[in-house]
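Survey of secondary and tertiary structure
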Amino acid sequence: MPETIAISGASGHIGGRVARILADSGTPLRLLGRTLDHLPSIQGATAAVIDYTDPNTVVPALDGVRTFFFVSATESADRAAQQTAVVRAAAAADVQRIVYLSFVGAAPDCTFTFGRDHWYTEQAIRESGLDFTFLRDNQYQDIIPHFADADGVIAGPAGDGKVAAVTRADVADCAAAVLTSTAYTGETFDLTGPRAFTLPAAAAEMTEILGRPYRFVDQTVEQAYDTRASYHAPQWEVDGWVSTYTAIAQGDLAQVSDAVPSLTGHPATDFTDYLATLPKQS
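Residues numbered from 1 in each chain as written. Predicted model: local features only at pLDDT ≥ 70, side-chain atom pairs only at ≥ 80, totals over all residues. Heavy atoms only, no water.

1. Comments concerning the packing of helix H3 (residues 79-92) against helix H4 (residues 114-128)
The condition is simple: Angular values range over 0 to 180 degrees, each being the angle between N-to-C directions of two axes fitted as lines to C-alpha atoms, with helices fitted over their stretch in contact. Put simply, DSSP marks the helices as runs of H or I at least four residues long and the strands as runs of E at least two long, and each gets a number from the N terminus on. In this scheme, roughly parallel covers angles under 35 degrees and roughly antiparallel covers those over 145, while 65 to 115 is roughly perpendicular and the rest are oblique. Helix crossings get a hand from a simple test, with the near helix turned counterclockwise from the far one by less than a right angle marking a left-handed crossing and a clockwise turn marking a right-handed one. In this description, contact between two residues means that some pair of their heavy atoms is separated by no more than 4.5 Å. Only Asp, Glu, Lys and Arg are considered charged in this grouping, and only Ala, Val, Leu, Ile, Met, Phe, Trp, Tyr, Cys and Pro are considered nonpolar; every other residue, Gly among them, is considered polar.
At their nearest, the axes of H3 and H4 sit 9 Å apart, and the two run at 20° to each other. The angle between the axes of H3 and H4 places the two elements in the roughly parallel class. Crossing of H3 against H4: the hand is right-handed. Residues Arg79, Ala80, Gln83, Thr84 and Val87 of H3 form the contact with H4, whose own contacting residues are Phe114, Asp117, His118, Tyr120, Thr121, Ala124, Ile125 and Ser128. Here the contact of H3 with H4 is built from residues that sort into 6 nonpolar, 5 polar and 2 charged.

Okay, structure coming up:
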């Protein structure tokens, strides 16, 4: 009988799609989330509560599991520490392999501050001695329309930098391919779309395809912080918001890879094709 694969974040966009793909292939699944009621209903799958803020939930949630699809936690001030504790608990639960959803350019000093947590988590996984595969996704095409405010303005210090954004669906397809194979142990894949584009270009494409005007306004870093001050968010969170744009400006997210077609057998989704799936706006 095939081994059970545990999927964290199974109530989310990526974890949920991965769960549905693997269920269709007959893979035994353990669906993990903070709230059981939010997990998808998949015939034959078991479910368990896992809370990254409480490592004591990890060992029982992963009991009997050899492969763990580790979707990172929501950003927080202590996410790296939380996820390091999850890795240690997974090893204690006798998990043999972690497929971790990371971020392009993960490093202790990467421009995109949220990406630093991914580097520390990757290091914890390496140090655990477990088999691993790292899927480092680029920014999601799915969220780029949400960069715009109510007036259709995308404002940030991105300049003419480019982003090789990828769809969540393509990331999930890659994860499903890796989880059902033993061929990718120790490998790291950058998951991107088929091209890199600027935010002014994205605004133009959104205007054409979604049917309402969008535009990009380039800001200085100081302006970006000033315009986000009204949210009264903690400093670490605002740093992450602003560095989303400065990482684009510095070219950190511009590299295009062939990982999506290589892993899935289908082309990576272009941003215009993704936009065409969204409802028209007015």
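There's plenty left to go through after this.
2. Some remarks on helix H8 (residues 235-249)
The condition that has to hold: For a helix, the expected span equals 1.5 Å multiplied by the residue count minus one. Note that bend, as reported per residue, equals the angle between axes fitted to the 7 residues terminating at that residue and the 7 residues originating from it. Only protein chains enter the accessibility calculation, which uses a 1.4 Å probe. A residue is then buried if its area is under 20% of the maximum for its type, exposed if over 50%, and partly exposed in between.
Here H8 contains 15 residues, and its C-alpha end-to-end distance of 21 Å stays within 8% of the 21 Å for a straight helix at 1.5 Å per residue. Within H8, the axis deviates most sharply at serine 243, by approximately 30°. When we look at burial in H8, the residues that qualify are Val238, Gly240, Val242, Ser243, Thr244, Tyr245, Thr246, Ala247 and Ile248. In the core, the buried residues of H8 are packed alongside H4, strand S7 (153-156), strand S8 (162-163), helix H6 (199-210) and helix H7 (221-228). Phi turns positive one or two residues past the end of H8, at glycine 251, with a value near 80°.

3. Re the side chain of arginine 212
What counts, and what does not: Counted as positive: Lys and Arg. Counted as negative: Asp and Glu. His and the chain ends are not counted at all. For salt bridges, the criterion is a side-chain nitrogen of Lys or Arg within 4 Å of an Asp or Glu carboxyl oxygen. Polar contacts, as counted here, are pairs of nitrogen or oxygen atoms within 3.5 Å of one another; within protein the pair requires one atom able to donate a hydrogen and one able to accept it, and residues that are adjacent in sequence qualify only if both atoms are side-chain atoms.
Its place among the elements puts arginine 212 in the loop between H6 and strand S11 (215-218). One buried charged side chain, arginine 212, makes no salt bridge at all; its nearest oppositely charged neighbour is aspartate 149, positioned 5.9 Å away. Engagement of the side chain of arginine 212 in a polar contact is seen with the backbone oxygen of aspartate 151, the distance being 3.5 Å. Contact partners of arginine 212, with chain neighbours within four places excluded, come to Ala150, Asp151, Gly152, Met206, Thr207 and Gln281.

4. Regarding the packing of H7 against H8
Taken N-terminus to C-terminus, the directions of H7 and H8 make an angle of 135°; their axes are 10 Å apart at the nearest point. Between H7 and H8, the crossing angle belongs to the class labelled oblique. In the crossing of H7 with H8, the sense of the turn from one axis to the other is right-handed. For the pair H7 and H8, the contacting residues are Val221, Ala224, Tyr225 and Arg228 in the first and Gln235, Val238, Asp239, Trp241, Val242, Tyr245 and Thr246 in the second. Residue composition of the contact of H7 with H8, by class: 7 nonpolar, 2 polar and 2 charged.

5. Notes on unusual backbone geometry
Negative phi is the rule for most residues except glycine; trans is the rule for most peptide bonds. Unlike most non-glycine residues, aspartate 94 shows phi in positive territory, near 70°. For aspartate 94, a relative accessible area of 51% translates into the label exposed. Even without being glycine, histidine 232 reaches a positive phi, approximately 50°. Counting through the fold element by element, histidine 232 comes out in the loop between H7 and H8. The exposure class assigned to histidine 232 is exposed, which follows from its relative accessible area of 71%.

6. Examining H4
This is how the line gets drawn: This arc is taken over the directions from the axis of the helix to the C-beta atoms.
If you check H4, its first and last C-alpha atoms are 22 Å apart, about what 15 residues at 1.5 Å a residue would give, namely 21 Å. Those residues of H4 not exposed but buried are Phe114, Gly115, Asp117, His118, Thr121, Glu122, Ala124 and Ile125. Around the axis of H4, the buried residues are gathered within 165° of arc, so they sit on the same side. Buried-residue contacts for H4 involve strand S4 (67-71), H3, strand S5 (97-103), strand S6 (131-137) and H8. Phi turns positive one or two residues past the end of H4, at glycine 129, with a value near 85°.

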